[in-house]
Amino acid sequence: MGLVAQGGYDQTMTFTGWQLKDTGSGNQYNVLSGFAYQLGNIQIAPNFLWQQPIEGPVTPEAGGAARPRNILDDPFVVRANREMMAGELLITFDPTPATYMFDWNNDYREDSPFAASIGLVYRHLPTTQDAAIGILPDGRTTFAFPGAPPAQDLWEVHARIVSRISPDLGMIARIYGGDAQANGSDPRTVTRFGGDFRMIYKNIMLNSFARVNDWGPYDYHRDFNQTFPLQLMADVSMSLGEQDWFNMPRTRLGVRGTYRTLDQYSPRYAPAYMLDPSGMLVPDPTAPGFGNGNEWEFRTYIQINI
């Protein structure tokens, strides 16, 4: 794909749910190849990706007036198309293949008492990237970060488990863990773990998640590498009609609780205060001798859909 090509990703359908795919951006060569081997109800699917930008990123070693490219000021950048050699192994157990495990609406359609997939992805990333775009607190003003995280090898394990025990009872769980980098310029690598669990029983639905050392719920948390040591959430609702896996608007009554702990990498963490160079009193998140902070929220809600 040429330097400024933006023709979209390769939409070839596969028999698997691989995560390594064509990014759809320009400025790259790539080779993507894998296969799926069916062994009864078990599918074993290795996958391989090699990609190389035609023009690499502007690194800090360039010196002088050189700066990292960014998509606001330059016709092309090196971001998702960064140099990469990656491998993936996906193993899937699906005793009811008529309801394909990786369909976009499998949450609705899956009818197996137990189906699961587990995958391992390893990425060798020998170079940095160009700069990402951030948004200032006013929500409108954009800017380019001064750089990007360094070269780093990353790994991730992910799993999805689906169970439709009866027409009235279904459960879906997603689990993940591994290393990841921020979108912005912070060089800190995050080793995170977590998962979410959803259950529907007749007209009652449970949504929940647990995340350890992970970014918060908004894009800017990953942009600025803001993480929380622990995040927990549970939401239970009762609907007047059937519940919906995709959380579509409906008339329902529910309760929701959220809990987070905070450390020096979290927003709003203020164990102590200090004077900055201008004489203003500001939080000191690295003050010694303090434990993690915490914040929690409990809400009840009524949603009416006419």
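Along every chain, residues carry numbers that run from 1 in the direction the sequence is written. Two thresholds apply to this predicted model, a pLDDT of at least 70 for residue-level local features and 80 or more for giving and counting side-chain atom pairs, whereas whole-chain, interface and lining totals are computed over all residues. Only hydrogens and water are set aside; all other atoms, that is, all heavy atoms of the structure, feed into the side-chain values.

Draft legend 1. Structural view of the overall build of the protein. Helix and strand labels come from DSSP, where a helix needs a run of H or I of at least four residues and a strand needs a run of E of at least two; each type is numbered from the N terminus. Tallying secondary structure elements over the protein gives two helices and 16 strands in all. Counting only C-alpha atoms and orienting by the principal axes, one finds that the protein spans roughly 65 × 50 × 40 Å. Between buried and exposed lies partly exposed: a residue is buried under 20% and exposed over 50% of the maximum accessible area for its type, with that area taken using a 1.4 Å probe on protein chains only. Out of the 306 residues in the protein, the part that is buried amounts to 38%. Residues are treated as being in contact if the distance between any of their heavy atoms lies within 4.5 Å. Of the contacts made within the protein by residues no fewer than 6 positions apart, 59% connect residues no fewer than 24 positions apart.

Draft legend 2. Structural context of the environment of I135. The residue I135 is located in strand β6 (residues 133-135) in this model. It is 9.9 Å that separates the C-alpha atoms of I135 and F145, two residues lying 10 residues apart in sequence. Non-local contacts of I135, meaning those with residues more than four positions away in its chain, are made with R140, T141, T142, F143 and F224.

Draft legend 3. Here's a closer look at empty space enclosed by the protein. Only protein atoms enter the 1 Å grid used here. Points where a 1.4 Å probe fits but cannot escape make up a cavity, open sets with protein on both sides within 12 Å along at least five of seven lines make up a pocket, and a residue lines them when an atom lies within 4 Å of a point. Grid points are joined across faces, edges and corners, and a volume is the space filled by probe spheres set on the points. The final tally for this structure, using the stated rule, is one cavity of 30 Å³ or more. In this structure, the largest cavity occupies an estimated 30 Å³ of space. Around the largest cavity, the lining residues are N106, D107, E110, V162, S163, R164, G170, M171, I172 and W245.

Draft legend 4. Structural view of the packing of aromatic side chains. Ring pairs are drawn from Phe, Tyr and Trp, using the six-membered ring of Trp, whenever the two centres fall within 6.5 Å, and their geometry is named by plane angle: stacked under 30 degrees, edge-to-face over 60, tilted for the rest. Overall, the coordinates contain eight aromatic pairs when judged by the stated rule. Their ring planes at 80° and their centres at 4.7 Å tell us that Y108 and F246 sit as a pair that is edge-to-face. Linking Y108 in helix α1 (residues 106-109) with F246 in the loop between β12 (227-239) and β13 (252-262), this pair joins segments that are 138 residues apart in sequence. Taken together through their ring pairs, the aromatic side chains of W104, Y108 and F246 make up a single cluster. Remark: a charge is flagged as sitting over a ring if the NZ atom of Lys or the CZ atom of Arg is within 6 Å of the ring centre and within 35 degrees of the ring normal. When the ring centre of F209 is taken as reference, the NZ or CZ atom of R211 above it lies at 3.9 Å.

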